[in-house]
Amino acid sequence: MKKLILFVAILLLTTISFAQTVVKGRVVDAQGESIPGVSVLEQGTTNGVTTNIDGTFSLTVKKDAKLIFSFVGMKELVVSVDGRNWLDVTLEESVAALDEIVVVGYGVQRKSDVTGSIASVKSEELEKISGASAVQALQGQVAGVQITSATGSPGSAATVLIRGRGTVGDSSPLYVIDGLAVGDISFLNTKDIQSIEVLKDASATAIYGARGANGVVLITTKQGKAGEMQVTYDGYYGVQSVWNEPDLLDAQEWIDVQNQARANAGEANLDLKPGADNPNHTTDWFDEITRNAIVQDHNIRISGGGENLKATLSGNLYDQEGLIEGSDYTRYSLRINSEAKLSNYVTVGENLSITQSKRHSILEGNYFNGIVNAALKLDPITPVKNADDEYMSSPYTDVMNPVAHIENTNDERKYQRLVGNIYADVKLLPNLVYHSSYGMDINDVDFYDFNPTYFYAIDEKNEVNSVTRSHTKTTLWNWINTLTYMFEVDKHSFTLMGGMEATESDTEWFSASKNNVPSNEDYLRFLSAALGDENGMGTASGSLSEWSMLSYFGRLNYNYDNKYYLTANLRHDGSSKFGKDKRWGTFPSVALKWKISNETFFQPMAENGTWTSAALRAGWGQVGNDKISLYQYTTAVSNNKQYGYVFGKDQRLYYGATIEGIGNPSIHWETVESTNIGLDLAFLNNRLGVTFDWFNKKTKEMLLREPIPDFVGYTSSPYSNVGDVENRGWELSLNYKGSPTDDLSYNLGINLGRAKTEVLDLGEVDFLSAGFVRIDNATRTEVGNEIGAFYGYVTDGIFQTQAEIDSHATQSGAQPGDIRFKDLNDDGKIDAEDRTFIGSPYPDLTYGFNLGINYKDFDFSMFWQGVYGNDLFNFMIFETMNPGKTTNKYTDILDSWNGPGTSNSVPRLSTQDTNDNLRVSDRYIEDGSYLRLRNIQLGYSLPVEVTDKLRVNRVRLYVAAQNLFTITDYSGLDPEIGRYDSLSIGIDEGIFPHARTWMIGANITF
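Residues numbered from 1 in each chain as written. Predicted model: local features only at pLDDT ≥ 70, side-chain atom pairs only at ≥ 80, totals over all residues. Heavy atoms only, no water.

Undergrad: Outline the overall build of the protein chain, listing residues and values.
TA: Along the protein chain, the regular secondary structure elements total twelve helices and 54 strands. For 1006 residues, the compact-globule estimate of 2.2 N^0.38 gives 30 Å, and the protein chain sits close to it at 31 Å. Residues counted as buried form 53% of the 1006 residues belonging to the protein chain. The long-range share in the protein chain, meaning contacts at least 24 apart out of those at least 6 apart in sequence, stands at 69%. With the model as given, the accessible surface of the protein chain reaches about 43400 Å², and the carbon-plus-sulfur share is 53%. For the protein chain, the separation between the mean place of its 85 positive charges and that of its 128 negative charges on side chains is 7 Å. (Helix = DSSP H or I, 4+ residues; strand = E, 2+ residues; numbered from the N terminus. Rg over C-alpha atoms; globule rule 2.2 N^0.38 Å. Buried < 20%, exposed > 50% of the residue type's maximum accessible area, 1.4 Å probe, protein only. Contact = heavy atoms within 4.5 Å. Areas by Shrake-Rupley, 256 points an atom, 1.4 Å probe, with all protein chains shown as cover. Lys, Arg positive; Asp, Glu negative; His and termini not counted. Charge placed at Lys NZ, Arg CZ, Asp CG, Glu CD.)

Undergrad: Please provide a residue-by-residue account of the sheet that holds strand β40 (residues 767-772), values included.
TA: With antiparallel pairing, the four strands of this open sheet are ordered in space as β40-β41-β42-β45. Looking at strand neighbours, the two that pair on one side only are β40 and β45 (836-839), the edges of this open sheet. Across the sheet, the mean angle from the axis of one strand to that of its neighbour is 50°, orientation sign disregarded. Across three bridges, strand β42 (residues 789-792) lies against β45 in antiparallel orientation. (Pairing = 2+ DSSP bridges. Axes fitted to C-alpha atoms, helices over the stretch in contact; angles between N-to-C directions.)

Undergrad: Go over the environment of Ser149, please, and point to the residues and values.
TA: Relative to the elements of secondary structure, Ser149 occurs in strand β11 (residues 145-149). Note: C-alpha distance between Ser149 and Ala30 (119 residues apart in sequence) is 40 Å. Excluding anything up to four places from it in sequence, Ser149 contacts Gln136, Ala157, Ala158, Glu976, Ile977, Gly978 and His994. Polar side-chain contacts of Ser149 include one of 3.5 Å to the side chain of Gln136. (Polar contact = N/O pair within 3.5 Å; in protein donor to acceptor, adjacent residues only side chain to side chain.)

Undergrad: Before we move on, could you go through unusual backbone geometry and cite the residues and values that matter?
TA: Positive phi, normally seen in glycine, also occurs at Leu684, with a value near 55°. Within the secondary structure, Leu684 sits in the loop between β36 (670-683) and β37 (688-705). What makes Leu684 partly exposed here is its relative accessible area of 33%. Positive phi values are uncommon outside glycine, yet Asp916 reaches one of about 60°. In this structure, Asp916 sits in the loop between α11 (877-880) and β49 (925-927).

Undergrad: Can you explain helix α5 (residues 251-264)? Please cite residues and give values.
TA: Its 14 residues place the ends of α5 20 Å apart at the C-alpha level, agreeing with the 20 Å of an ideal helix rising 1.5 Å per residue. Taken together, the buried positions of α5 are occupied by Ala251, Trp254, Ile255, Val257, Gln258, Asn259 and Ala261. Regarding α5, its N-cap is Asp250, as a side-chain oxygen of that residue lies 3.2 Å from the backbone nitrogen of Gln252 further along. Gly266 occupies a position one or two residues after α5 and carries a positive phi of about 75°. (Expected span 1.5 Å × (residues − 1).)

Undergrad: So, the sheet that holds strand β4 (residues 56-61): which residues are in play, and what are the values?
TA: Spatially, β4-β1-β7 is the arrangement adopted by the three strands of the open sheet, whose pairing is mixed. Each having just a single partner strand, β4 and β7 (86-90) make up the two edges of the open sheet. The sheet shows a mean angle of 25° between the axes of neighbouring strands, taken without regard to direction. Two strands pair when backbone bridges link them, and strand β1 (residues 21-28) and β7 are joined in this way by five bridges, in the parallel orientation.

Undergrad: If you had to explain the packing of aromatic side chains to someone new, which residues and values would you point to?
TA: For the structure on display, the rule yields 26 aromatic pairs. An aromatic cluster of at least three residues, connected via ring pairs, comprises Phe790, Phe873, Phe875, Phe878 and Tyr924. When the ring centre of Tyr633 is taken as origin, the NZ or CZ atom of Arg583, which lies over that ring, is 5.8 Å away. Positioned above the aromatic ring of Phe821 is the side chain of Arg919, whose terminal nitrogen or guanidinium carbon lies 4.3 Å from the ring centre. (Phe/Tyr/Trp six-rings, centres within 6.5 Å; stacked < 30°, edge-to-face > 60°. Lys NZ or Arg CZ within 6 Å of the ring centre and 35° of its normal.)

Undergrad: Give me empty space enclosed by the protein: which residues, what numbers.
TA: What the rule picks out here adds up to eleven cavities of 30 Å³ or more. Taken as a whole, the largest cavity encloses approximately 200 Å³ of empty space. Taken together, 18 residues form the lining of the largest cavity, with Gln146, Thr148, Pro841, Ile977 and Ile985 sitting closest to its centre. Partitioning the lining of the largest cavity into residue classes produces nine nonpolar, six polar and three charged. (1 Å grid on protein atoms, 1.4 Å probe; cavity = no way out; pocket = protein on both sides within 12 Å on 5 of 7 lines; lining within 4 Å. Points joined across faces, edges and corners; volume = space filled by probe spheres on them. Nonpolar A, V, L, I, M, F, W, Y, C, P; charged D, E, K, R; others polar.)

Undergrad: Before we move on, could you go through the pattern of salt bridges and cite the residues and values that matter?
TA: All chains considered together, the criterion is met by 42 salt bridges. Two residues, Glu731 and Lys200, come together in a salt bridge whose shortest N-O distance is 2.9 Å. With a gap of 531 residues between them, Glu731 in strand β38 (residues 719-738) and Lys200 in the loop between β15 (193-199) and α4 (202-205) connect regions that are remote in the sequence. A relative accessible area of 2% means that Glu731 is categorised as buried. Between Glu786 and Lys756 there is a salt bridge, with its nearest N and O atoms 4.0 Å apart. (Salt bridge = Lys/Arg side-chain N within 4 Å of Asp/Glu carboxyl O.)

Undergrad: Give a detailed account of the pairing of strand β29 (residues 564-575), specifying residues and quantitative values.
TA: In summary, the side chains of a regular strand alternate between the two faces of the sheet. Direction of pairing for strand β28 (residues 539-560) relative to β29: antiparallel, over a ladder of twelve bridges. In the strand pairing of β29, Tyr560 is matched with Tyr564. In sequence, β28 turns back onto β29 through a hairpin of three residues, with Asp561 there showing a positive phi of about 60°. Where β29 lies against strand β30 (residues 584-594), eleven bridges are found, and the strand directions are antiparallel. Bridging from a neighbouring strand, Asp573 pairs with Gly585 of β30.

Undergrad: Explain the side chain of Asn189 residue by residue, including any values.
TA: Looking at the secondary structure, you find Asn189 in the loop between β14 (180-182) and β15. Here Asn189 falls in the buried class, since its relative accessible area comes to 4%. Only 2.8 Å separates the side chain of Asn189 from the side chain of Asn299, close enough to count as a polar contact. Ignoring anything within four residues of it in the chain, the contact list for Asn189 reads Asn299, Asn316, Arg331 and Ser333.

Okay, structure coming up:
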């Protein structure tokens, strides 16, 4: 609460003014639907406001004033007040609803003129989704864009795939904020975003050349508007809780299962140990590590200006506790955007964001000692603490006590980031504009860690404490210069743009660690307090890396009579990530569009309103990808300590050096060639909009590491351009809006997307194995299949009798009650040659559905998101369904086979797995499809009569829930599983689950 009070006290400014009369009103479109965000300006002054979410406004003006109503895509309207106190205003579309402005690479276009595949999401849709990440707010909003949160941990990243995974390397898109390209947008406050445009096909992304292979996400932040100063507050307070709990054995059930497994193997019953021998006491470890967690988000914005100067200042506090104890994330951000018109020829401006954040995290996604993993595996009979109030270590298993581990985890990350640019637009000639922008992204990350001493058992202890400190600083600068020339000749319209861009980035990193701090006290957790080793020494390391890129580009936009459109791009990039002879690449694209609805034969349909508009698009292009580690074109020498050797009588250590990996000077860009065909339709006077796209995307000469023999002696393989991957699919978006009465309006939207990936070539590599899950690799990438598909044995029920074993292919060690595996190659024996592809982590379909309803002063919205047809690899089965281990088990194990006909899915209980029932097989594969109610919200806006008495323009109160429920057949904690390694996604090793959140909030405009 103190944070909030201080935050509000610094930023909250209000202005009270008095005028001769107050005029109120409501702005709607031709269908009677309210229009939020309409600019209402008193003519000849800077006095103005924007309409609220329900289209209403209130403004103090002169009695004889004239008001100017303007909104993107609508005809500007001037209305005389004439002493009236209420105005009903209807705005007409300027040409069609498709005339809204969208951002494209290095410029803007009318949406109706866009020739490529571009999807746009406005701030109203993004702001309905709570969370720290702008990426997560985009989830499910755009057809063909799959977003998967890595985990539910506060501050965690998300995986973004645009039209599928096109490479075995980094498939993340390029992010561009107000013209500045950045590596991620974790620092960005969602409430600062005005719109997001997603460029999906090569004809749209080719203007970004080498960085556009995986798609481009263009983000425009909110700018100041002309009118009197407005102060707005937007915030919520919420409580997070667990939505799905694991169904595990209690203490007595666990004892019974262990004893039965031992008896079936001819072993004695489990010997219960003192302190962990009470079958009537069950420790719910998952409950012990989880909590009801608070999340709050508070935003204040000050905006205003006049004809020549506009500015907005915003501040944000986001504070989230994690569902799991010991995890949290706090972020403070400040943004200022301003623009000044110095003359009729020169406009200057800036966009600046400063962010400071802090994150505490727990160990997750780690099979051996992850917190969630341990909570699911640790036996239920061991208490959290013993009779002496000391943490207890299990006497039955080597799984750590997760509650104790959380207390001993002291890692903290602090982030400071400055992102911004300054720009100038100079009108050199009536139709010639010069634009220059210089931007910087400065990112500082400090890491603090202290590992204390503790002793719970001989195998769960740390006898020497240590302190670690590291710092990483990345500085990126970017300079863009463009010239844009527009002219018309009769019915021919031309826009020519040419430019250059220079980018440079350097990252400096150091880390130091020292042992033997005198005690575990907080005030001693510093490097200077540690005693170090026997020589008083610690360890330290560091590095400096840098890369740069120089680019030249151009674009032609042409249309004839607003019917036939052509867009052509060409970009020439040079990157320091490649050798001097391979640094440059050229990336062209071309797109065509036929606006059918502007043809004479279409006019009768448009006039009766049944079929309002139609346009056909087609595009082709090539873009590049250089997202690999730095300096891979050269062979580097390492002088790490382990390469030293002791010589001489005094046995002195001499440091040496060695080559760890081989460079390849011939590597160059991955090239992605894409073809797109699209159709844009509108019906019923633009109430129904339909967009359909078909695409084929092929990655050529993919960058991957070709394996080399171990006897060569290098720790890493060189990169080569050897692979080809194809993505093909389709996308469909449907949007409908209606207003049956003056008081009621609604809108609904559906988006669907499908992307199918196939590996076409891997060069000399037969296959790539990954996803190691303790017993074997779970995924394989092979020609003819997808990237990182699941690979293993195929199960065929349970052997019920010895006769079934005898009649089956030779399966060494099999007994009745063991899993039967299929002999796929019919050679009469079960071995590694019977493995095959057993599942895909990629969905057949991604989708989203949204509904919004406005009735008088009430508004309601809901948003659903889901995936269909993907598989997940639930590796927690290895421990929680393994009778040979003394870990806890899922209750499904109670249905294990205990005689012919008793089970055909859960094998017999035995501590001796002679059949290797736990080998990688489709036993671990589960349907990962889900449908999730991502957000549901009910709001109420106070009537104008009430807000006038409160001396505020608008007050909206709402209640909301996020992730209210999820429909899925997946048995794990959460079906939304992300992983950073592109070759091993969809593997569940104990994921930090996503939270269900209940919220109350308010939107207030002063």
